[in-house]
Amino acid sequence: MLQVLSSAWALLLGMCLLMVGNGMQGTLLGIRGEIEGFSTLEMSIVMSAYFVGFLGGSRTAPAMIRRVGHVRVFAALASLISAVMILYPTLTEVWAWTAGRVLIGFCFSAVYVTAESWLNNAATNENRGQALSLYMIVQTAGIVVSQALLLAADPSGYVLFVIPSVLVSIAVTPILLSISPTPAFDTTKPMSLKELAGYSPLGCVGMFLLGGIFSAQFGMASVYGAQAGLSVGQISTFVAMFFVGSVLLQYPIGWISDRMDRRFLVLIVAAIGAVGSLIGMLFGEQFTLLLVSAFVVGGMSNPLYSLLIAHTNDFLEHEDMAAASGGLIFINGLGAIAGPIITGYMMDTVGPGGFYLFTGVLFVMLVAYAAYRSTRRRSIAVEDTGAYVAVTPSYTSVAIEYAQEYAIETEKDEEKPQNDK
């Protein structure tokens, strides 16, 4: 762990600051939109725009990096992020915020691709697993810390928009000055969606449904809080609980997944997520129970992401796993684009509770489909399944490919002594 920190501290610090900036602007826009009088539908369009840009960035970033290099891409896009964040309060129009969110989503996606390839280059085979774990922890910590910073000033002013802009600008400095050399870059071409669906229908359907759940959490949670009449402090705590749950429950669920039928575990985890959504919908006026519901929904949805990737990999050869992960990320991105818009419509129709109604319906759909798929083919024996790799929806295909490669190599190394006996 200390070796990873010594070799990649600048990158990890920079990514933490970037995530603080990203977490602040996402929640702050939901609060400020309510102050500016934007409708729920208008805010849902604004929030959905981030995922449009993110999906586009994940597809085009590799070509940009190959053409001009890691350093130029990272510096240029971080500068754009900083500029857009400072422009939000000066252009309080739906069209301007929507365009800004597309641009920020695109930039963050490309920045993540750049940072993840750098991180892999800084790690060794012996500590790559620790490096990826630290990367996940740093990302989540940045988002959680960002929610506390929302209490630093009045959301109707300019200061809260200046803070993330400055943090993003500062984040670039240690990364560009401390990390060298820049790594070679290459990614695997994604598997066709038709072929991927043939290997794992549950993986594809589940990832699409999860895209809607994730985008509701990341994009519409603050809009829900503002519409429900929560204070700024309550909204920041509420949003943070989704990510606290995701970190604390990721590894326990991963441990269980290596010891039982993953389809059945998908069903159980999704069912618990549905219960968490029901608690939020029925008892949203009680803040303590609202926090419990956020913790449960976040704690179930994020491990489900890793669980569905692991389930899909159980039906693939090692050499196909990286290609499949690219397809799963794309499917998840499609669901994420639709999520905020549908959530906004449901909140307009039934009130703030529409937020939890949406996530609850998606969880129930996943439960039903997992149960259906369990009847269509036999489960794979536990001893024949691959390792669970803890990843998050903010990972691009680069980090997921590296994580899977590390898990495969570790699995092979563990098998060697047994084969030598």
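Note: the structure precedes this text.
Residues numbered from 1 in each chain as written. Predicted model: local features only at pLDDT ≥ 70, side-chain atom pairs only at ≥ 80, totals over all residues. Heavy atoms only, no water.

**A few points about the overall build of the protein chain**
Now for step 1: Along its length, the protein chain carries 14 helices and zero strands.
Now for step 2: Across the 421 residues of the protein chain, 57% fall into the buried class.
Now for step 3: Summarising the internal contacts of the protein chain: among those between residues at least 6 apart in sequence, 87% fall at separations of at least 24.
Now for step 4: Summing over all exposed atoms, the protein chain offers an accessible surface of approximately 16500 Å²; the carbon and sulfur share of this is 64%.
Now for step 5: Positive and negative side-chain charges of the protein chain, numbering 19 and 27 respectively, have mean locations separated by a distance of 6 Å. (Helix = DSSP H or I, 4+ residues; strand = E, 2+ residues; numbered from the N terminus. Buried < 20%, exposed > 50% of the residue type's maximum accessible area, 1.4 Å probe, protein only. Contact = heavy atoms within 4.5 Å. Areas by Shrake-Rupley, 256 points an atom, 1.4 Å probe, with all protein chains shown as cover. Lys, Arg positive; Asp, Glu negative; His and termini not counted. Charge placed at Lys NZ, Arg CZ, Asp CG, Glu CD.)

**So, a nonpolar patch on the surface**
Now for step 1: A cluster of nonpolar side chains, contributed by Ile-86, Leu-87, Leu-91, Tyr-158, Val-162, Val-166 and Ile-170, occupies part of the molecular surface with about 580 Å² of accessible area.
Now for step 2: Elements that contribute at least two residues to the nonpolar patch include exactly helix 3 (70-87) and helix 6 (159-178).
Now for step 3: For the nonpolar patch, the element with the most residues is helix 6, which contributes three residues.
Now for step 4: The topology assignment puts Ile-170 in helix 6.
Now for step 5: Under the relative-accessibility criterion, Ile-170 is labelled partly exposed at 45%. (Patch = residues over 30% accessible without salt bridge, like charges linked within 9 Å, V, L, I, M, F, W, Y side chains within 5 Å. Salt bridge = Lys/Arg side-chain N within 4 Å of Asp/Glu carboxyl O.)

**As for the side chain of Thr-359**
Now for step 1: Inspection of the secondary structure assignment puts Thr-359 in helix 13 (residues 354-373).
Now for step 2: Contact partners of Thr-359, with chain neighbours within four places excluded, come to Ile-213, Ala-216 and Ser-277.

**Considerations on the packing of helix 12 (residues 318-350) against helix 13**
For any two helices packed against each other, the geometry comes down to the angle between their axes and how far apart the axes lie.
Now for step 1: It is at 7 Å that the axes of helix 12 and helix 13 come closest, and there the two elements cross at 130°. By the criterion of interaxial angle, the relationship of helix 12 to helix 13 is oblique. The chirality of how helix 12 crosses helix 13 is right-handed. Mapping the contact onto sequence places Gly-339, Ile-342, Thr-343, Met-346, Met-347 and Val-350 in helix 12 and Gly-354, Phe-355, Leu-357 and Phe-358 in helix 13.
Now for step 2: Classifying every residue of the contact of helix 12 with helix 13 by side-chain character gives seven nonpolar, three polar and no charged. (Axes fitted to C-alpha atoms, helices over the stretch in contact; angles between N-to-C directions. Parallel < 35°, antiparallel > 145°, perpendicular 65-115°, else oblique. Left-handed = near helix turned anticlockwise from the far one by under 90°. Nonpolar A, V, L, I, M, F, W, Y, C, P; charged D, E, K, R; others polar.)

**Things to note about the pattern of salt bridges**
Now for step 1: In the structure shown here, the tally under the stated rule is three salt bridges.
Now for step 2: Between Glu-36 and Arg-32 there is a salt bridge, and its shortest N-O distance comes to 2.8 Å. Residue Glu-36 and its partner Arg-32 are both found in helix 1 (residues 2-36); the two are separated by four residues, about one turn of the helix.
Now for step 3: Given the relative accessible area of 4%, Arg-32 is considered buried.
Now for step 4: Measuring nitrogen to oxygen at the nearest pair gives 2.7 Å for the salt bridge that ties Arg-262 to Asp-258.

The values reported here are purely geometric and, on their own, carry no functional implication.
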